[in-house]
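Examining the three-dimensional arrangement
Spelled out, the chains give:
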Amino acid sequence: MKNLSCAAITLAFLGLAVSGANAFTARDGSRVNPVSDAVFEVIPAPGGLGRNYWCAAGDYAQRALKAPWEAQIYISRSRGASETTNRRSAVQFTLQPRLAGSPEKGIYSNVNALRRGDNMRVRNAFNLCNQLPVGF
């Protein structure tokens, strides 16, 4: 019986390790997980602001997906519960405009709105990683 419980614990640990293998950590510490071949989910640290979501999306698009700096990143799903973790706040992004409702390029009301269809260039999103938090 003891061997069976050790085996179960080992398998559970390996399952967690494999599920975390696809995770990407952005420069600001936010986690990025693929949802599908075309959609990825950004999960920032608690209290993350809009710039944290965009920064992580730009970082992931550029470093992991090798998207060009001029490519557009689109929000395919607004802020909501994560599909890849148990976190309550995540935003899903894509490089494919049709998955975001085919919005016009360069459209977003403000960086914190995080609405479906909001989009910006990879370079602009990545540049948000270099901004100091408000109050400094």
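Right, let's walk through the structure included here. The structure displayed is predicted, hence computed values, not measured ones. (Residues numbered from 1 in each chain as written. Predicted model: local features only at pLDDT ≥ 70, side-chain atom pairs only at ≥ 80, totals over all residues. Heavy atoms only, no water.)

**Details of the nonpolar core**
Note the following rule: Residues belong to one nonpolar core when they are buried, are Ala, Val, Leu, Ile, Met, Phe, Trp, Tyr or Cys, and are joined through side-chain atoms within 4.5 Å. Here's how the labels work: a residue is buried when its accessible area is under 20% of the maximum for its type, exposed when over 50%, partly exposed in between, all with a 1.4 Å probe on protein chains only. Comment: elements are numbered from the N terminus, with helices defined as DSSP H or I runs of at least four residues and strands as E runs of at least two.
Core analysis: the biggest nonpolar cluster contains 23 residues, and V32, F40, V42, W54, I73 and F93 have the highest contact counts within it. At the level of secondary structure, the elements contributing two or more residues to this core comprise β3 (39–43), α2 (50–64), β4 (72–80), β5 (90–94) and α3 (122–127). Here this core takes 7 residues from α2, the largest share from any one element.

**Looking at unusual backbone geometry**
Within the chain, K66 stands out as a residue other than glycine whose phi angle is a positive 60°. With respect to the helices and strands, the residue K66 is situated in the loop between α2 and β4. Notably, S102 is not glycine yet its phi reads approximately 50°, a positive angle. Counting through the fold element by element, S102 comes out in the loop between β5 and β6 (119–121).

**Overview of the state of the cysteines**
Operational definition: Criterion for a disulfide: a pair of cysteine sulfur atoms within 2.5 Å.
Enumeration over the complete set of coordinates arrives at 1 disulfide. Note that C55 is cross-linked by a disulfide to C129, the S-S spacing being 1.9 Å. Here the disulfide of C55 and C129 is right-handed, its torsion about the S-S bond being about 105°. Residue C55 is found in helix α2, and its partner C129 is found in the segment after α3; the two are separated by 74 residues along the sequence. Taking relative accessible area as the criterion, C55 reaches 1% and is therefore assigned buried.

**Re the pairing of β3**
Inclusion rule: The pairing criterion for strands is at least two bridges between them, as found by DSSP.
Burial runs high along β3: 5 of the 5 residues are buried. Neither face of β3 is left uncovered, since the one carrying V39, E41 and I43 and the one carrying F40 and V42 both have all their residues buried. In this structure, strand β2 (residues 31–34) lies alongside β3, joined through 4 bridges in antiparallel fashion. The residue bridging P34 from the neighbouring strand is F40, located in β3. Adjacent in sequence and paired antiparallel, β2 and β3 are bridged by 4 residues. The pairing of β3 with β5 spans 4 bridges and is classified as antiparallel. By the bridge assignment for β5, V39 is matched with T94.

**So, the pairing of β2**
By the bridge criterion, 2 bridges tie strand β1 (residues 24–25) to β2 in an arrangement that is antiparallel. Within β2, the position partnered with T25 by the bridge is R31. Between β1 and β2, which pair antiparallel in sequence order, lie 5 residues; one of them, G29, sits at a positive phi of approximately 95°.

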